[in-house]
Amino acid sequence: MAHRGASAYAPENTLPSFELAWEMGADAIEGDFQLTVDGHVVCVHDYSIERYTGIDRRVVEMTLSELRALDFGSWKGGEWIGVSIATLEEVLSIVPSGKMLYLEIKSGPEIVPELLKQVAKARIKAEQLVFISFDQAVVTRLKREAPELVVNWLVSLESNDGVISPAPKELLQVLKLTGADGIGVEAIPDISAEFVAAIRGGGWAFHVWTVDQVALARKLAQFGSKSITTNKPDLILRALRRD
Ligand code: G3P
Ligand code: CA
């Protein structure tokens, strides 16, 4: 899965970054989505647009037309000058049949009605979509309002002398509580086969982010991770195909 598109090589979360990921053979793309002040859903990771545009303003305080007037490409290099922020509608329209879009929801649960409206309007099939969020309230609301959609909860992990926290038992409690279909965890090197098995054994899908190292990608794939999210889909696809 191409994290923010092929984001090692192209401006993250933009249409060229997603198109490059398809060209490289990615099975899925991951994008970050936020609500603008005038109720549109746009594809952008940071809450402030400073890193992309040099202007320190928050997406949530800007209109779509204000965002559209800005250059979201040139920060990544001269060849990307003029690339604009993408809307959810645009991202939904560039997913080929048989490929997947993972939508990471960076806004709170207030984004859900507009999200579901856009998804219902699009030609993409529901089976091609997975919603992901760190925010348990977003996961819960999505599963309550659209139980047919696949929604995964995201969580960061820590390891102290090989002991990972939160422990699988605590993670399983959240999965049950929110109704999530699976989990996406930070790919820390200490993740063990037992850790993955504890989640999968409970009946939940296991995913990892973000892996740009070949050895770690191979190990996590062997442990049964359903996806490997990477900034370098070309590198990781080559590595996994050699297995
Ligand atoms: O796939 C989940 C991953 O994208 C979460 O981290 O900060 O890159 O959105 P972040
Ligand atoms: Ca993300």
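Per-chain numbering applies: the sequence of each chain, read as written, is numbered from 1 onward. Working convention: letters from A go to chains and numbers from 1 go to ligands, in the order in which they are written. In view of the model being predicted, local features appear only for residues whose pLDDT reaches at least 70, and side-chain atom pairs are presented and counted only at 80 or more, with totals across whole chains, interfaces and linings using the full set of residues.

By the criteria applied, helices consist of DSSP H or I runs no shorter than four residues and strands consist of E runs no shorter than two, each listed in order from the N terminus. Of regular secondary structure, the protein possesses ten helices and twelve strands. Each principal axis of the C-alpha distribution contributes one length, and for the protein these read about 50 × 40 × 35 Å.

On to the site of ligand 1. Using a C-beta atom placed from the backbone, a residue is scored as near a molecule or strand whenever that atom is within 6 Å of it. Lining the immediate environment of ligand 1, one finds His3, Glu30, Asp32, His45, Glu104, Ile132, Leu154, Gly184, Trp209, Thr210 and Thr229. We call Asp, Glu, Lys and Arg charged. Ala, Val, Leu, Ile, Met, Phe, Trp, Tyr, Cys and Pro are nonpolar, and the rest, Gly among them, are polar. For the shell around ligand 1, a count of residues per class yields three nonpolar, five polar and three charged.

Before going further, it helps to examine the nonpolar core. Only buried residues count toward a nonpolar core: Ala, Val, Leu, Ile, Met, Phe, Trp, Tyr and Cys, linked into one set through C-beta atoms within 7 Å. Note on burial: count the other C-beta atoms lying within 10 Å of the residue's C-beta; 20 or more is buried, 12 or fewer is exposed, in between is partly exposed, and C-beta positions come from the backbone. Ranked by internal contacts, the top residues of the largest apolar core, which has 63 residues, are Val42, Cys43 and Ile183. Placing C-beta atoms from the backbone, we regard two residues as in contact once those atoms come within 7 Å. When neighbours within four sequence positions are excluded, Ile183 is seen to be in contact with Asn152, Trp153, Val155, Leu171, Leu175, Ile199, Trp204, Phe206 and His207.

Attention now moves to the pairing of strand 5 (residues 100–105). Burial of strand 5 is extensive: five of the six residues sit out of reach of the surface. Relative to strand 6 (residues 129–133), strand 5 runs parallel, the two sharing four bridges. Each bridged residue has a counterpart across the sheet, and for Leu101 the counterpart in strand 6 is Leu129. A strand pair is defined by DSSP finding two or more bridges across the two strands.

What follows covers the environment of Glu145. Relative to the elements of secondary structure, Glu145 occurs in helix 6 (residues 136–145). As for Glu145 and Gly182, which are separated by 37 residues in sequence, their C-alpha atoms are 17 Å apart. Sequence-distant contacts of Glu145, defined by excluding residues within four places in its chain, comprise Val112 and Leu116.

Moving on, we come to the packing of helix 9 (residues 214–223) against helix 10 (residues 233–241). Orientation of helix 9 relative to helix 10, taken along the N-to-C sense of each, is 55°, at an axis distance of 9 Å. What the angle tells us is that helix 9 and helix 10 run oblique. In this structure, helix 9 crosses over helix 10, and the sense of that crossing is right-handed. On helix 10, the residues touching Val214, Ala217, Arg218 and Ala221 of helix 9 are Leu235, Ile236, Ala239 and Leu240. Of the residues assigned to the contact of helix 9 with helix 10, the class counts are seven nonpolar, no polar and one charged. Fitted lines through C-alpha atoms serve as axes, helices being fitted only where they are in contact, and the angles separating the N-to-C directions of these axes extend from 0 to 180 degrees. Throughout, the term roughly parallel applies to angles under 35 degrees, roughly antiparallel to angles over 145, roughly perpendicular to angles from 65 to 115, and oblique to all others. Each crossing gets its hand from how the near helix is turned against the far one by less than a right angle, where anticlockwise is left-handed and clockwise is right-handed.

With that settled, consider the environment of Leu175. With respect to the helices and strands, the residue Leu175 is situated in helix 7 (residues 168–178). Spatially, the C-alpha atom of Leu175 lies 30 Å from that of Arg123, the residues being 52 residues apart in sequence. Excluding residues that lie within four positions of it along the chain, Leu175 makes contacts with Trp153, Ala180, Ile183 and Trp204.

Summarising burial for strand 2 (residues 28–35): seven of the eight residues are buried, a large majority. The sheet contact formed by strand 1 (residues 2–3) and strand 2 spans two bridges and is parallel. In the sheet register, Ala2 faces strand 2, and the bridge partner there is Ile29. Note on handedness: a clockwise path from strand one over the helix to strand two, with the strands aimed away from the viewer, defines a right-handed crossover. Handedness of the crossover joining strand 1 and strand 2 through helix 1 (residues 15–24): right-handed. Across six bridges, strand 2 lies against strand 5 in parallel orientation. Paired with Glu30 across the two strands is Tyr102, which belongs to strand 5. As judged from the three bridges shared by strand 2 and strand 3 (residues 41–43), these two strands associate in the antiparallel manner. Bridged to Leu35 within strand 3 is Val41.

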